[in-house]
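Each chain, letter by letter, is given below.
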Amino acid sequence: MVKVSVIVPVYNGEKYLRECLDSICNQTLLDIEIICVDDGSTDSSLEILREYQSKDDRFQIYTQENRYAGVARNLGKSHATGEYLVFWDCDDFFDPQALEKLYQKAKSVDADVCVCGGNRYFESKQKSYPWPPYLNPKKVPSGETFNRFNNQEHYLDFTNVAAWNKLFKRAYIERLGLNFQPVRNGNDVYFTVNAIGLADRITILDEKLINYRVNLDSGLVCSQDAAPLAPIQTWISAAENLEKFDGFGERTFANRALDIMIYMFQHFKSWEPFCIALDALKEYGLKKLHIFPQEEGYYYSAWAGNCVQHFYQDTPEQFAVFLSNSMYMQKDVAVAERRGMSYELSKQKKECKQLTRELQTAYQKQKETDKQLQMAYKKQEETDKKLKETDRQLQEVSRKLEEESKKQEAMSKKLQETRSSWSFKIGKALVWIPGKIKRLI
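Note that the structure is predicted; figures quoted are calculated from it, not measured.

It is worth spelling out the overall build of the protein at this point. Along the backbone of the protein there are 13 helices and 9 strands. In terms of overall size, the protein is more extended than a compact globule, its C-alpha atoms giving a radius of gyration of 42 Å where 441 residues would be expected to give roughly 22 Å. Considering only C-alpha atoms, the protein reaches an extent of 155 × 65 × 45 Å along its principal axes. Going through the 441 residues of the protein one by one, you find that 43% of them count as buried. Look at the contacts in the protein between residues 6 or more apart in sequence, and 77% of them connect residues 24 or more apart. Carbon and sulfur atoms make up 53% of the accessible area of the protein, which amounts to about 25,100 Å² in all. Seen as two clouds, the 62 positive and the 62 negative side-chain charges of the protein have centres 13 Å apart.

The following block contains the structure:
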């Protein structure tokens, strides 16, 4: 019987695919099947897969149009026959004993899910670094197995929400009817959160068996800017399903979802997706994710709890400023710790420098303002002077018009008096008689 089905979605992974496949083929656990699904690659990925299939009969190859990794994983899962399932990515590589150790640990305690640790592999440095968030044993209770009931506070945050560092019992997954979501980003969130959240028996293997490549510009990990609402909708779907079962743990879920939402906003590269996501959270997302303003201590991180208030109150511009400043402060703390300085001392020095800069800026602004006020005052004086001169000219014109009006009025009165006098009438008659005689002649 096949012990583990290794399911690998592949999309334009030619650069790292051989290293990935070699690390799978060389696993010390031999009873495996390797199911590769080409997700419409446009490079030589499919040819590489067929090359490996020709050398190893454990390979199965399926193809589909580019419908993203979630659909590819579902297709691979539908053909799986192994007792357990792993979902590995085509740009990662794995410890030779990874499958054997995971299988033996899961089998020994009849676990539904077995979780291991991993490294972050930086291509530029060609080096792996341990990354504790992939598995935090401190958030796991003592004993061989645990679940949401006996690890109420941390059953969702003792590990990441990716599928690649987890081994799943196939019968358990099929009983739940779990599938990966057909979305561009975070297709494994719904699957993994529900698989972890509903498992009766979870176990961990505190070894770093996975090397996960980060900071890649291509492959299965795509920019979230192209689908800014996907993380919100994915976590809402997970919440709606988990709510149907006992032991949901509203506080635990809210804390985990809040961490993811903050992480999402820290990694947007464009302004428009940032605004779209924040509007969606305000409109319906926060409520459906059970993220509400709570009393101090409800959220595991005081800073995260502070973020909740800003999610509800801030405009996109205000939230961006808050987030940038918060990220800077967190970096400042880390720098201070590395220097062996107390945070308060570092903070005071920073504040002193900042205050000095602000005072200098304020002084320069005041000088500029004074200069502008002086110019404005001078212009006002010139304007007042022109207005006074214009008013004087208008008064002079008005006076002259009044005098002219009086003269005309006097002349009109004198003319009227002249026409009314007897001498004017007699003179008019004397002038009229000769004129009449002249016309008759």
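We are not done yet, so read on.
Summarising the element assignment, Gly249 is placed in the loop between α7 (230–242) and α8 (250–266). Judged by relative accessible area, Gly249 falls into the buried class, the value being 15%. When sequence neighbours within four positions are dropped, the list of residues in contact with Gly249 reads Gln152 and Tyr155.

What follows covers unusual backbone geometry. Unlike most non-glycine residues, Asp110 shows phi in positive territory, near 55°. The residue Asp110 is located in the loop between α4 (98–109) and β6 (113–122) in this model. For Asp110, a relative accessible area of 42% translates into the label partly exposed. Phi at His290 is positive, roughly 65°, even though this residue is not glycine. Its place among the elements puts His290 in the loop between α9 (271–288) and α10 (302–313).

On inspection of all chains with the given rule, the structure shows 1 cavity of 30 Å³ or more. Space inside the largest cavity adds up to approximately 50 Å³. Considering the residues around the largest cavity, the lining is formed by Tyr155, Leu156, Phe158, Thr159, Asn160, Val161, Thr192, Val193 and Ile196.

With that out of the way, let us pick up the nonpolar core. Soluble globular proteins tend to pack their nonpolar side chains together in the buried interior. By size, the foremost hydrophobic cluster in this structure holds 65 residues, and its most contacted members are Trp235, Phe253, Met261, Phe265, Ile291 and Phe311. Here this core takes 9 residues from α8, the largest share from any one element. When residues no more than four places from it in sequence are discounted, the contact partners of Phe265 are Phe274, Ala277, Leu278, Leu281, Phe311, Phe319 and Leu323.

Okay, α9 next. Over its 18 residues, α9 extends 24 Å from the first C-alpha to the last, a length consistent with the 26 Å expected when each residue adds 1.5 Å. A positive phi of about 65° marks His290, the residue just after α9.

This paragraph deals with the packing of α9 against α10. A packed helix pair is summarised by two numbers, namely the angle formed by the two axes and the spacing between the axes. Interhelical geometry of α9 versus α10 gives an angle of 115° and a closest axis separation of 9 Å. By the angle class used here, α9 and α10 are roughly perpendicular. Contacts between α9 and α10 involve Leu278, Leu281, Lys282, Leu286 and Lys287 from the former and His310, Phe311, Tyr312 and Gln313 from the latter. Of the residues that constitute the contact of α9 with α10, the class distribution is 5 nonpolar, 2 polar and 2 charged.

Take the side chain of His290 next. Looking at His290, the relative accessible area reads 14%, which means it is buried. A polar contact of 3.0 Å, which involves the side chain of His290, links it to the side chain of Glu250. Setting aside anything within four residues of it in sequence, one finds His290 in contact with Glu243, Phe248, Glu250, Ala254 and Tyr299.

On average, the protein scores 89 in pLDDT, and the residues at 70 or more come to 91%. Below a pLDDT of 50 lies the segment residues 218–222, which in the model reaches 11 contacts outside its immediate sequence neighbourhood of four places, other chains included.

Another aspect to go through is the pattern of salt bridges. By the definition in use, this model includes 17 salt bridges. The residue Asp110 makes a salt bridge to Lys169 at a minimum N-O spacing of 2.5 Å. Separated by 59 residues along the polypeptide, Asp110 in the loop between α4 and β6 and Lys169 in strand β8 (residues 166–169) bring together distant segments of the chain. Salt-bridge contacts for Glu389 lead to Arg392; the nearest nitrogen and oxygen are separated by 2.7 Å. One end of the pair is Glu389 and the other is Arg392, both in helix α12 (residues 343–420) and 3 residues apart, which spans about a single turn.

Turning to the packing of α7 against α8, a few remarks are in order. Two elements in contact, α7 and α8, have axes separated by 11 Å at closest approach and are oriented at 170°. By the angle class used here, α7 and α8 are roughly antiparallel. Facing α7, whose interface residues are Pro231, Ile232, Trp235, Ala238, Ala239 and Leu242, α8 presents Phe253, Arg256, Ala257, Ile260, Met261 and Met264. Here the residues of the contact of α7 with α8 sort into 11 nonpolar, no polar and 1 charged.

A few words on the pairing of strand β7 (residues 127–130). When a strand is regular, its side chains alternate between the sheet's two faces. Of the pairings in the sheet, the one linking β6 to β7 comprises 4 bridges and is antiparallel in character. The residue of β7 that forms the bridge with Phe122 is Lys127. Once β6 ends, the chain turns through 4 residues before running back antiparallel as β7, passing Gln126 with a positive phi of about 55°.

Locating Asp92 in the fold gives a position in the loop between β4 (84–87) and β5 (93–94). Here Asp92 is buried and forms no salt bridge, its nearest opposite-charge partner Arg213 lying at an N-O distance of 5.7 Å. Of note is the side chain of Asp92, whose polar atom sits 3.0 Å from the backbone nitrogen of Arg213. Residue contacts for Asp92: discarding those within four places in its chain leaves Cys20, Asn211, Tyr212 and Arg213.

Take a positive patch on the surface next. Taken together, the side chains of Lys349, Lys350, Lys353 and Arg357 make up a positively charged region of the molecular surface. As for its position among the elements, Lys350 is in helix α12.

Definitions and limits used
- Residues numbered from 1 in each chain as written.
- Predicted model: local features only at pLDDT ≥ 70, side-chain atom pairs only at ≥ 80, totals over all residues.
- Heavy atoms only, no water.
- Helix = DSSP H or I, 4+ residues; strand = E, 2+ residues; numbered from the N terminus.
- Rg over C-alpha atoms; globule rule 2.2 N^0.38 Å.
- Buried < 20%, exposed > 50% of the residue type's maximum accessible area, 1.4 Å probe, protein only.
- Contact = heavy atoms within 4.5 Å.
- Areas by Shrake-Rupley, 256 points an atom, 1.4 Å probe, with all protein chains shown as cover.
- Lys, Arg positive; Asp, Glu negative; His and termini not counted.
- Charge placed at Lys NZ, Arg CZ, Asp CG, Glu CD.
- 1 Å grid on protein atoms, 1.4 Å probe; cavity = no way out; pocket = protein on both sides within 12 Å on 5 of 7 lines; lining within 4 Å.
- Points joined across faces, edges and corners; volume = space filled by probe spheres on them.
- Core = buried A, V, L, I, M, F, W, Y, C linked by side-chain atoms within 4.5 Å.
- Expected span 1.5 Å × (residues − 1).
- Axes fitted to C-alpha atoms, helices over the stretch in contact; angles between N-to-C directions.
- Parallel < 35°, antiparallel > 145°, perpendicular 65-115°, else oblique.
- Nonpolar A, V, L, I, M, F, W, Y, C, P; charged D, E, K, R; others polar.
- Polar contact = N/O pair within 3.5 Å; in protein donor to acceptor, adjacent residues only side chain to side chain.
- pLDDT = per-residue confidence, 0-100.
- Salt bridge = Lys/Arg side-chain N within 4 Å of Asp/Glu carboxyl O.
- Pairing = 2+ DSSP bridges.
- Patch = residues over 30% accessible without salt bridge, like charges linked within 9 Å, V, L, I, M, F, W, Y side chains within 5 Å.

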